[in-house]
Amino acid sequence: MRLPRLFRTTPFRLTLLFLALFAAAASAFLGYIYVATAGEVNRRADAEINREMESLEAAYRQGGVNALNQTIVERASGERPFLYFLADKTGKRISGSIEASPLDDFEGDGPSWSSFKVTEVDLDGAEMRNPARGVQERLAGGEVLFVGADVAASEGYVRKIVRALWGAGALVILLGLAGGVLISRNVSRSMQGLVDLVAAVQAGDLQARAKVRGARDEYDELAEGLNDMLDRIERLMGGLRHAGDAIAHDLRSPLTRLRARMEVALIDAENGKGDPVAALETALQDADGVLKTFNAVLAIARLQAAGQAPDQQSFDSSELARDMAELYEFSCEDKGLDFKAEITPALHIRGNREFIAQALANLLDNAIKYTPSGGAIMLRARRRSSGELEFSITDTGPGVPDEDRARVVQRFVRLENSRSEPGAGLGLSLVQAVAASHGGRLELAEGPGEYNGMGPGLRVALVLPRVE
Amino acid sequence: MRILIIEDDIEAAGAMSHGLTEAGYECVHAPDGEAGLKEAGKGGFDVLIVDRMMPKKDGVEVVETLRREGDNTPVLFLSALGEVSDRVVGLKAGADDYLVKPYAFPELMARVEALSRRRETGAVATTLKVGELEMNLINRTVHRAGKEIDLQPREFQLLEFMMRHAGQSVTRTMLLEKVWEYHFDPQTNVIDVHISRLRSKIDKGFDRAMLQTVRGAGYRLDP
């Protein structure tokens, strides 16, 4: 037989375990209360019987059996709640409030305790057998003295305590069980939400999210973690889909152009016109362009999909910056641009050297491409006071208007005034992807402002987190 | 010169073989790793062009087996896997060069040429000599026809690489890889700028230009 779902849950099993521990602790506690209260009641009754016995013995020592007899008769008829019985050496009753000793054994010398029942007739004539307790002793002269007391009242008190304790025990177990079931059900319900979420995601619903109840407990933490993860997965999936669309979109036009050119070349060749070799050369160039675009999009998509740059290693990024400066310096000179590099030495970094080199190369490419002759370009590598590494490239070109800055890092976005320049609009997207895959970011800001009648220029910074 | 092409894509192998044959090489094609190993075992090849992902035995396994058997024929890996880690795996397996698919034929040609002459030019030398050009690797001086040419350190490295591959086409990608040791794809003409600087230093004032531009491929240093 399968247990209901609730009873199979871990919280419920834990509840049972804790309940058992709790019950054990409660029994020990209740047991102690029992000994401390019920035991005390009996001890007190015994002490009173003892005191009565001692006072009678005192009377016996002073006046012999007659004085004792006298005292017993007086006391038995008085208000004292004790039962008395006095017998001679042979066990024959002399006096007392009861007809016979509840203890038949008259042989012993020492005090001998006993619990027994006394039959009493109450005012209505009904017989009641009450519990009683007493002690019997042989006196110096051989007489036997018994003193007892009706303990019905105190026994009743003890019984009440015992009943109360049983009740308390049952309550503890009941409450514990109920609480356990309640807690288990709550936890199960919370977990059920996550189980349902996982099932939904597995079924392909990437928009499903776990409910965060705002209790700030571990459940919420788990739910938030799961939601973050799902956000990320959704973003990555979106990125991949976007990359696919972008590739399809951006490769379609050059591929169409390539195809058209080849068709025209074929027709011309058949008619003996045109130069098929030149046509093939152009086609080859087009194909190379397509491949370049494809490689760039692929690199971006891979970086975004991986989330983290592959093949990370520690290296001196100052050296890399110097290499890039040296690589591009002459290109700047050729274009009549003033080039300067300010590189703080020994900027150690952990990352993918090739990707960071590519990113800096892209930024320098852009700066050279968009800065008119007579302008200036500055490459700077330094550590910010926050500990982050900053590679910035400042140019004196036309700059990027504030409202376009978020847009230019997107794939295939090209500003109107750059349409005439070659390129696919992937350079900054790749830099952005490189930055993100290293836990860094790309910052675009206004450049140095007016320079040689140009400006305001652009300042692009690749900011990478500090290495611990 | 004989080249063994181990490539499972028959058409790609055919195009490659055609191009290389046109360039004067003798080509043998093996359609998978096992056949490639068998063919390579016969010996007599100057360069092996090995695809990485193939049926039966992949390229890395083929190269590792060859190297274990003591075969030191230069190997050029061809692969669609272009990440740095992929290159490292390929080069660690014992390959000498690594070209990522899709590639331009002149690039392949240039690399094959560089590999096929590797053993001749790889000897330890203190001076390099190409035609009138003389490079002293110890005191790092360059003379052309007795006239000293003053070069920056990187220009020196660039010229050294060109001289070691004199008479061969060398592509821009190869220069970035071998001289600067970066593997990214330069979008602009950065390498051309460096070459043109070098050219102005070694060819200016002489009636014959040694540094040639090879259309569609890159550059060549002629004696």
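The model shown is predicted, which means the values in this text are computed figures rather than measured ones.

About the criteria used
- Every chain's residues receive numbers from 1 upward, in the order its sequence appears when written.
- Written order decides the labels, with chains lettered from A and ligands numbered from 1.
- Two thresholds apply to this predicted model, a pLDDT of at least 70 for residue-level local features and 80 or more for giving and counting side-chain atom pairs, whereas whole-chain, interface and lining totals are computed over all residues.
- Side-chain calculation: all heavy atoms of the structure are included, whereas hydrogens and water are not.
- Put simply, DSSP H or I for four residues or longer makes a helix, DSSP E for two residues or longer makes a strand, and each gets a number counted from the N terminus.
- Here, two residues are considered to be in contact whenever any of their heavy atoms come within 4.5 Å of each other.
- Computed with a 1.4 Å rolling probe, the buried area is the accessible surface lost when two parts are put together, summed over both parts.
- In the sections that follow, a salt bridge refers to a side-chain nitrogen of Lys or Arg positioned within 4 Å of a carboxyl oxygen of Asp or Glu.
- Under this definition, polar contacts are N or O atom pairs within 3.5 Å; protein pairs additionally need one hydrogen-donor-capable and one acceptor-capable atom, and for neighbouring residues in sequence, both atoms have to be side-chain atoms.
- What a helix is expected to span follows from its residue count: subtract one and scale by 1.5 Å.
- Note that the bend at a residue is defined as the angle between axes fitted to the seven residues ending at it and the seven residues starting at it.
- Accessible area is worked out with a 1.4 Å probe on protein chains only. A residue is then buried under 20% of its type maximum, exposed over 50%, and partly exposed in between.
- Side-chain atoms within 4.5 Å link the members of a nonpolar core, which is a set of buried Ala, Val, Leu, Ile, Met, Phe, Trp, Tyr and Cys residues.
- Axis definition: a line fitted to C-alpha atoms, over the contacting stretch in the case of helices. Angles run 0 to 180 degrees between N-to-C directions.
- Each angle gets one of four labels, with under 35 degrees taken as roughly parallel, over 145 as roughly antiparallel, 65 to 115 as roughly perpendicular, and the rest as oblique.
- Here the rule is simple: two strands pair whenever DSSP picks up at least two bridges between them.

Draft legend 1. Layout of the environment of Gln312(A). Residue and element names in this part refer to chain A. Among the secondary structure elements, Gln 312 is positioned in the loop between α5 (276-306) and β6 (313-316). Sequence separation of Gln 312 and His 438 is 126 residues, and the distance between their C-alpha atoms is 9.1 Å. Not counting residues within four places of it along the chain, the set of residues in contact with Gln 312 comprises Arg 350, Gly 351, Asn 352, Ser 437 and His 438.

Draft legend 2. Expanded view of the interface of chain B and chain A. Each partner contributes residues to the interface: chain B has 22 residues there, and chain A has 23 residues. For the pair chain B and chain A, the two sides together bury roughly 2300 Å², of which 50% comes from carbon and sulfur. Taken as a group, Glu83(B), Tyr182(B) and Phe184(B) account for 27% of the area that chain B buries against chain A, more than any other trio of residues on that side. Inspection of the region where chain B meets chain A yields four salt bridges. Here chain B is connected to chain A by twelve residue pairs in polar contact (both at pLDDT 80 or more). Among the elements of the structure, α4 (84-92), α7 (153-164), α8 (172-180) and α9 (190-203) of chain B are those that each provide at least two residues to the side of chain B that touches chain A.

Draft legend 3. View of helix α6 (residues 317-334) of chain A. Residues and elements named next belong to chain A. If you check α6, its first and last C-alpha atoms are 26 Å apart, about what 18 residues at 1.5 Å a residue would give, namely 26 Å. Considering bend angle alone, the principal kink of α6 is centred on Tyr 328 and spans about 35°. Of the positions making up α6, those classed as buried are Ser 317, Ser 318, Leu 320, Ala 321, Asp 323, Met 324, Ala 325, Leu 327, Tyr 328, Phe 330, Ser 331 and Cys 332. Positive backbone phi, approximately 75°, marks Gly 336, located one or two places after α6.

Draft legend 4. Quick look at the nonpolar core. Among the nonpolar cores identified, the biggest contains 88 residues, and Met324(A), Leu327(A), Ile377(A), Leu133(B), Leu159(B), Leu175(B) and Leu221(B) are the most heavily contacted of them. Ranked by the residues each element gives to this core, the list is headed by helix α7 (residues 353-370) of chain A, at ten residues. Core analysis: the next-biggest nonpolar cluster, separate from the first, contains 19 residues, Phe45(B), Leu48(B), Val50(B) and Val75(B) among them.

Draft legend 5. Quick look at the packing of α7(B) against α9(B). All names here are of chain B. For the pair α7 and α9, the least separation of the axes is 10 Å and the interaxial angle reads 85°. In this view, α7 runs roughly perpendicular relative to α9, as classed from their interaxial angle. Packed against α7, whose contacting residues are Glu 155, Leu 158 and Leu 159, the element α9 presents His 194, Ile 195, Arg 197, Leu 198, Lys 201 and Ile 202 at the interface.

Draft legend 6. Examining unusual backbone geometry more closely. Note that the residue after Lys101(B), namely Pro102(B), is joined by a cis bond; omega there is -5°. As for its position among the elements, Pro102(B) is in the loop between β5 (97-100) and α5 (105-116). At Asp311(A), a position not held by glycine, the phi torsion is positive, near 50°. Position of Asp311(A) among the secondary structure elements: in the loop between α5 and β6. Its identity is not glycine, yet Glu181(B) carries a phi of approximately 60°, on the positive side. Checked against the element boundaries, Glu181(B) lands in the loop between α8 and α9.

Draft legend 7. Fine view of the sheet that holds strand β12 (residues 218-221) of chain B. Residue and element names in this part refer to chain B. The strand order β10-β12-β11 describes an open sheet built from three strands, whose pairing is antiparallel. Edge positions in the open sheet fall to β10 (169-171) and β11 (211-214), since each of these has one partner strand only. Strand-to-strand twist across the sheet, computed as the mean angle between neighbouring axes with direction ignored, equals 35°. Taken together, the four bridges between β11 and β12 define a ladder with antiparallel strand orientation. Following the sheet pairing, Gln 212 is matched in β12 by Arg 220. The sheet contacts of α8 involve β10 and β12, and relative to β10 the element is tilted by about 75°.

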